[in-house]
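Below are the chains, spelled out letter by letter.
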Amino acid sequence: MQKNILFVMYDQLRFDYLSCAGHPLLQTPNFDRVAAKGVRFTRAYVQSPVCGASRMSTYTGRYASSHGAQWNGFPLRVGEMTMGDHLRALGMGCWLIGKTHMKVDAAGMARLGLSPDSVIGARQAECGFDVWCRDDGLWAWGPDGFYDEQRSPYNAYLTSRGYDGENPWADYANAGVDGDEMATGWITAHAGKPANIREEDSETPWLTRQAMAFMDQAQGPWCAHVSYIKPHWPYIVPAPYHAMYGADNVVPPVRDACELDDPNPVYAAFAGNEFAKLYQRDEARETVIPAYMGLIKQCDDQLGVLLDHLAETGRDKDTVIVLTSDHGDYLGDHWLGEKDMFHDPSVKVPLIIYDPAETTGGVTCDALVESIDLAATFIEMAGGTVPDHIVEGRSLVPFLRGETPAWRDFAISEYDYSCQSMRAKLEVSPRDARLFMVVDRRWKFIHAEGGFPPMLFDLDNDPQELRDLGRSGLHDDILALMYDRLGAWGRRMAQRVTVSDGDIMARQGGSEGVGILHWLWDGSEVSQEALSRYRGPVRQRYVDD
């Protein structure tokens, strides 16, 4: 069966804020609806817990240190292969509807003479996608101008709907009302107010309609990356979603005073930043989390709209559905806010895949999955062979079939915090402001460059990751194992992307046939045919014997 792929990503959606993942209060029947038919992966990890780097890993199928775009605004270098490149070579279109957080390598394009107006230049500038509608969602502005220099299609839509001003995203979609004044969503205390916008005009329904418009005209096979900005901050949501949850629906934070008792210096720096201080306040959590839950509920409702549209148009029979996120959100867990570190609320994400061509459904899988596995999965779904000298992830298709393939023993994530205030606080150079996570079935290990001690969590006995054993002196054998694994991973062949192992094997033994015979003594070592071009009568003589 010829397949389409509906690849849906939600920004900053925690793995455990779905009812199918066990949230005690938040009901997400449409996520559950897909999980009931497909496979829900319970240990899926992103390759970097920040938007840009995580997405570049997902789109390339490569680790952050392989593609180099390790933080927001770090360009993805020209020539880096993406899932769009792989899929188009297999006859499958690859389209963007929403966010990528991709920064173009403008200098690289100029050096190579690539015009952004050309087809290849446009794809290089858009992370390998053909663009139906790109909207990265954060149309913030201030005294120095706009955060995002691109044109906002969402703002253009709001203008067409009668919302006034130069930046209606900021004035309406991201603001409530306080008397006669705008109550901006950038102020956390306003999170409980309804956004001053008609619900149907807010970002999530708008992008849903963009996705349906694409599918209605699409000629298959296609992969459509529907990439929602929500439930990412600013945490403000239109009515009626703003009032669906309250402080009594906020689950207690996963944190303990022991985490702040003689903490690892790297963790202490993160726990002391402004995001962390905000979410250490109970009133902040009790205001933000109900809005976050409302944003997720709206996402779930709009997922239902997408699913119903697929069914009504008959596309549900040939369309794979993939639901995931680019990272999580601490929301005050572990005394932290935002993402940026490697506790599960930040680095572990929801991943649900339903393939109507496969029979396995309604199951969970606890294999150690990485977000880079999606590129490999899509390549196999499109009928290709995964080029494993380029794509570092592994196809998940066997799990969808109910098989148990040989699999990785540990997963990796990386974080470059060189642009963050914690680098200066820790007094490390930009090159040393890097963290690495290695996680296996039981242990989670974190290494920090710059001479800092490691962190270690025993997930069997401490599943909430509250007690750092890295300096306990009781698990030196585990630390040694994790350092060995990190070293082995660091020595991987990551940059030989133009020649596969098969190409190399095909070359071996071929030098004899093309006359490279520098190892001979008297010629008897090879066939006479190999020497045939080098033997025969002298045709012109310039020297004596």
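Residues numbered from 1 in each chain as written. Predicted model: local features only at pLDDT ≥ 70, side-chain atom pairs only at ≥ 80, totals over all residues. Heavy atoms only, no water.

Asks: Honestly, the environment of D477 in this entry has me stumped. Any pointers?
Replies: Inspection of the secondary structure assignment puts D477 in helix α17 (residues 476–490). Linking D477 and D416, residues 61 residues apart in sequence, is a C-alpha distance of 27 Å. (Helix = DSSP H or I, 4+ residues; strand = E, 2+ residues; numbered from the N terminus.)

Asks: Where do I start with the pattern of salt bridges in this structure?
Replies: Any two side chains of opposite charge can pair, given that their charged atoms come close. Going through the model one piece at a time under the given rule, you end up with 38 salt bridges. Ionic pairing is found between D11 and K99, a salt bridge with its closest N-O pair at 2.4 Å. Here D11 is found in the loop between β1 (4–10) and α1 (29–37), whereas its partner K99 is found in the loop between β3 (93–98) and α5 (106–112), with 88 residues between them in sequence. K99 sits in the buried class, given a relative accessible area of 0%. Residue R467 pairs with D462 through a salt bridge whose shortest N-O separation is 3.7 Å. Look at R467 and you get partly exposed, because its relative accessible area is 42%. Since its relative accessible area comes to 5%, D462 is described here as buried. (Salt bridge = Lys/Arg side-chain N within 4 Å of Asp/Glu carboxyl O. Buried < 20%, exposed > 50% of the residue type's maximum accessible area, 1.4 Å probe, protein only.)

Asks: Looking at this model, I keep getting lost on the packing of helix α7 (residues 153–160) against helix α9 (residues 203–217). Mind explaining?
Replies: Between two packed helices, the angle of one axis relative to the other and the distance separating the axes together describe the packing. Packing of α7 against α9 brings their axes to within 11 Å, and their N-to-C directions diverge by 100°. As the angle between them shows, α7 and α9 are arranged roughly perpendicular. Residues P153, Y154 and Y157 of α7 pack against E203, W206 and R209 of α9. (Axes fitted to C-alpha atoms, helices over the stretch in contact; angles between N-to-C directions. Parallel < 35°, antiparallel > 145°, perpendicular 65-115°, else oblique. Contact = heavy atoms within 4.5 Å.)

Asks: Whenever I open this one, the pairing of strand β16 (residues 443–448) confuses me. Can you help?
Replies: Taken residue by residue, a regular strand's side chains alternate between the two faces of the sheet. With respect to burial, β16 is a largely interior element, six of its six residues being buried. Alternating residues of β16 divide into W443, F445 and H447 and K444, I446 and A448, and every residue in both groups is buried. Two elements, strand β15 (residues 434–439) and β16, share five bridges in a ladder whose sense is antiparallel. Looking at β16, one finds that L435 is bridged to A448. With antiparallel pairing between neighbouring strands as the criterion, β15 and β16 make up a hairpin whose turn holds three residues. In this structure, β16 lies alongside strand β17 (residues 455–458), joined through four bridges in antiparallel fashion. Counterpart to F445 in the pairing with β17 is L456. Between β16 and β17, which pair antiparallel in sequence order, lie six residues; one of them, G450, sits at a positive phi of approximately 100°. (Pairing = 2+ DSSP bridges.)

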